[in-house]
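Working through the structure, step by step
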Amino acid sequence: MHHVLDMEEPRAARGDSGMRQDFESFYRSDRRRVVALAYGLSGSRMAAEELAQDAFLAAFRSWDRVGGYTDPGAWVRRVVLNRAASGVRRRMAEARALTRFSSRPSPPAELAPPDAEFWAAVRALPRRQAQIVALYYVDDRSVDDIATVLELAAGTVKATLFQARKALAVALQCEIEEDV
């Protein structure tokens, strides 16, 4: 896997050390949270790293445009969310095939069993609900921030988060929080 800054620079960034420095600062400040977001949705550390790397590479290649956004992090997170949705479907099919040929898989080493159960339940939610839960709990985004990332109304985010919490409470047999 290549480091995002080792890739060829877009034409607009060549010779412009300020743009490159802006991207590097952005990458350093947001990378860990974007990987955590991807991990919450994918359940795989390797897939999370790849999703984050792909999103940052896309941002780097279009940094002359993306770097001018008020919140380039929202753009990167939207890329991760979209790519995670298709990747999760593919990995779930692969996992089902693997479990037919092996014993019951154990949770990933990165997650304690209660966390693994929670994130498995999150990944079973409808795509938009899972995205909102991951942004809220992993990326520690506010309802307004999530609305910006997903280009939704804040009320829609709030209602979807409530529905996701209800579904998770049923799946995990626990009570829901009412703090949104």
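What you see as residue numbers is a count from 1 along each chain, following the sequence as written. Local features in a predicted model are, by the rule used here, given only for residues with pLDDT of at least 70; side-chain atom pairs are given and counted only at 80 or more, and totals for whole chains, interfaces and linings are based on all residues. Side-chain figures throughout are based on the complete set of non-hydrogen atoms in the structure, without hydrogens or water.

1. Focus: the packing of aromatic side chains
To keep things clear, this is the line we draw: Centres within 6.5 Å are what make two rings of Phe, Tyr or Trp a pair, Trp counting through its six-membered ring; a difference in plane orientation under 30 degrees is then read as stacked, over 60 as edge-to-face, and the rest as tilted. The helix count covers DSSP runs of H or I at least four residues long, the strand count covers runs of E at least two residues long, and both are numbered beginning at the N terminus. Three labels apply to residues, based on accessible area from a 1.4 Å probe with only protein chains included: buried if under 20% of the type maximum, exposed if over 50%, partly exposed otherwise in between.
Tallied over the entire structure, the rule returns ten aromatic pairs. Taking the centre distance of 5.2 Å and the plane angle of 25° together, the rings of Phe26 and Trp63 count as stacked. Of this pair, Phe26 sits in helix H1 (residues 17–42) while Trp63 sits in helix H3 (residues 63–66), and the two are 37 residues apart along the sequence. Residue Trp63 is classed as buried on the basis of its relative accessible area of 7%.

2. Quick notes on the environment of Val170
Take Val170: it is sitting in helix H8 (residues 154–172). Between the C-alpha atom of Val170 and that of Ala121, which follows or precedes it by 49 residues, the distance is 9.9 Å.

3. Here we look at the nonpolar core
Inclusion rule: Take the buried residues of types Ala, Val, Leu, Ile, Met, Phe, Trp, Tyr and Cys, join any two whose side-chain atoms come within 4.5 Å, and each joined set is a nonpolar core. Contact definition: two residues touch when any of their heavy atoms are within 4.5 Å.
Core analysis: the biggest nonpolar cluster contains 46 residues, and Phe23, Val76 and Val133 have the highest contact counts within it. Where this core is concerned, the elements lending two or more residues are H1, helix H2 (45–61), H3, helix H4 (72–101), helix H5 (113–124), helix H6 (127–137), helix H7 (143–150) and H8. For this core, the leading source of residues is H1, giving ten residues. Once residues lying within four places of it in the same chain are set aside, the contact partners of Val133 are Phe118, Trp119, Val122, Leu125, Val138, Leu161, Ala164 and Leu168.

4. What to know about H2
To keep it simple, the criterion reads: Take the residue count of a helix, subtract one, and multiply by 1.5 Å to get its expected span.
Here H2 is 17 residues long and its end C-alpha atoms lie 24 Å apart, about the 24 Å a rise of 1.5 Å per residue gives. Here H2 lies mainly inside the structure; twelve of its 17 residues are buried. For H2, the complete set of buried residues consists of Ala47, Ala48, Glu49, Leu51, Ala52, Gln53, Ala55, Phe56, Leu57, Ala58, Ala59 and Phe60.

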